[in-house]
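# Report on the structure
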Amino acid sequence: MIKSILVVCVGNICRSPTAEALLKAKLDAKGIRISSAGLGALVGKPVDATATEVMAANGYDLADHKARQLTPSMLHEADLILAMEARHIQSIHAMAPQSRGKTLLIGKWLEGREVPDPYRQQLPAFEHVFRMLDKATDAWLPYL
């Protein structure tokens, strides 16, 4: 049974906090602990302003988020680790080989699609990533 999910991207200011918020909202009644972290996190930074704008337009508030650096202990404690890109999975496995088998693409149920990084891009890129993550998190629901 999955009791904790860790969502991973690079900076922990765009994709993973967005996915974290979506999963928290969709799994609220299930009592699953959901968190996020970055492989190269901008530690202590808030969510990117454009990501915040897109999330607010869709009814989500990320004001309390602060970027966290991924650690081996976070990987050990998580029951499921969802990464945005295949290269993130490789980095996670290099950091914590025991995480193999519980680290998957967030887009696994969307034909294994990777979620591109919208950082430093225009609003349409962030909107596209939001839609992808909304679909990807919906696709995970039957398995959680």
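Look a little higher up for the structure.
The notes below deal with the structure included here. Here the structure is a predicted model, which is why all the values come from computation and not from measurement.

Moving on, we come to the sheet that holds strand 1 (residues 4–9). Strand order in this open sheet of 4 strands is 2-1-3-4, and the pairing throughout is parallel. At either end of the open sheet lies a strand with only one pairing partner, and these are strand 2 (33–38) and strand 4 (103–105). Going across the sheet, the axis of each strand differs from the next one's by a mean of 25°, ignoring polarity. Sheet analysis places strand 3 (residues 80–83) next to strand 4, joined by 3 bridges and oriented parallel. If you follow Ile 81 over to strand 4, its bridge partner there is Thr 103. On the sheet, helix 4 (residues 86–95) packs against strand 1, strand 3 and strand 4 and is oriented at approximately 170° with respect to strand 4.

Now for the nonpolar core. Membership of the largest hydrophobic core comes to 31 residues, with the highest contact counts inside it found for Ile 5, Leu 23, Met 84, Ile 106, Leu 133 and Leu 144. The set of elements that each furnish at least two residues to this core consists of strand 1, helix 1 (15–26), helix 2 (49–57), strand 3 and helix 5 (123–140). No other element matches helix 5, which puts 7 residues into this core. Beyond its immediate sequence surroundings of up to four residues, Met 84 is in contact with Val 7, Val 8, Cys 9, Arg 15, Ser 16, Ala 19, Leu 105, Ile 106, Glu 114, Val 115 and Leu 133. With 13 residues, the next largest nonpolar core counts Leu 6, Ala 37, Met 74 and Ala 96 among its residues.

A word on the layout of surface pockets. In this structure, the largest pocket occupies an estimated 180 Å³ of space. As for the largest pocket, its lining consists of 14 residues, of which Glu 20, Lys 24, Ser 36, Asp 64 and His 65 are closest to the centre. Residue assignment for the lining of the largest pocket shows that the elements contributing at least two residues are helix 1 and strand 2. It is helix 1 that contributes the most residues to the lining of the largest pocket, 4 residues altogether. A class-by-class count of the residues in the lining of the largest pocket yields 4 nonpolar, 4 polar and 6 charged.

Before going further, it helps to examine empty space enclosed by the protein. Taken as a whole, this structure holds 1 cavity of 30 Å³ or more when the rule is applied. What lines the largest cavity is Cys 14, Arg 15, Thr 18, Ala 51, Val 54, Pro 118, Phe 126, Val 129 and Phe 130. Listed by contribution, the elements that provide at least two residues to the lining of the largest cavity are helix 1, helix 2 and helix 5. Tallied by class, the residues present in the lining of the largest cavity amount to 7 nonpolar, 1 polar and 1 charged.

Right, let's talk about the packing of helix 2 against helix 5 for a bit. Packing of helix 2 against helix 5 leaves a shortest axis separation of 9 Å and a crossing angle of 55°. Considering the angle they form, helix 2 stands oblique to helix 5. Between helix 2 and helix 5 lies a crossing whose hand is right-handed. Contact with helix 2, carried on its side by Thr 50, Ala 51, Glu 53, Val 54 and Met 55, involves Leu 123, Phe 126, Glu 127 and Phe 130 of helix 5 and no other residues of that element. Its residues assigned to classes, the contact of helix 2 with helix 5 comprises 6 nonpolar, 1 polar and 2 charged.

Rules used throughout
- Residues numbered from 1 in each chain as written.
- Predicted model: local features only at pLDDT ≥ 70, side-chain atom pairs only at ≥ 80, totals over all residues.
- Heavy atoms only, no water.
- Pairing = 2+ DSSP bridges.
- Helix = DSSP H or I, 4+ residues; strand = E, 2+ residues; numbered from the N terminus.
- Axes fitted to C-alpha atoms, helices over the stretch in contact; angles between N-to-C directions.
- Contact = heavy atoms within 4.5 Å.
- Core = buried A, V, L, I, M, F, W, Y, C linked by side-chain atoms within 4.5 Å.
- Buried < 20%, exposed > 50% of the residue type's maximum accessible area, 1.4 Å probe, protein only.
- 1 Å grid on protein atoms, 1.4 Å probe; cavity = no way out; pocket = protein on both sides within 12 Å on 5 of 7 lines; lining within 4 Å.
- Points joined across faces, edges and corners; volume = space filled by probe spheres on them.
- Nonpolar A, V, L, I, M, F, W, Y, C, P; charged D, E, K, R; others polar.
- Parallel < 35°, antiparallel > 145°, perpendicular 65-115°, else oblique.
- Left-handed = near helix turned anticlockwise from the far one by under 90°.

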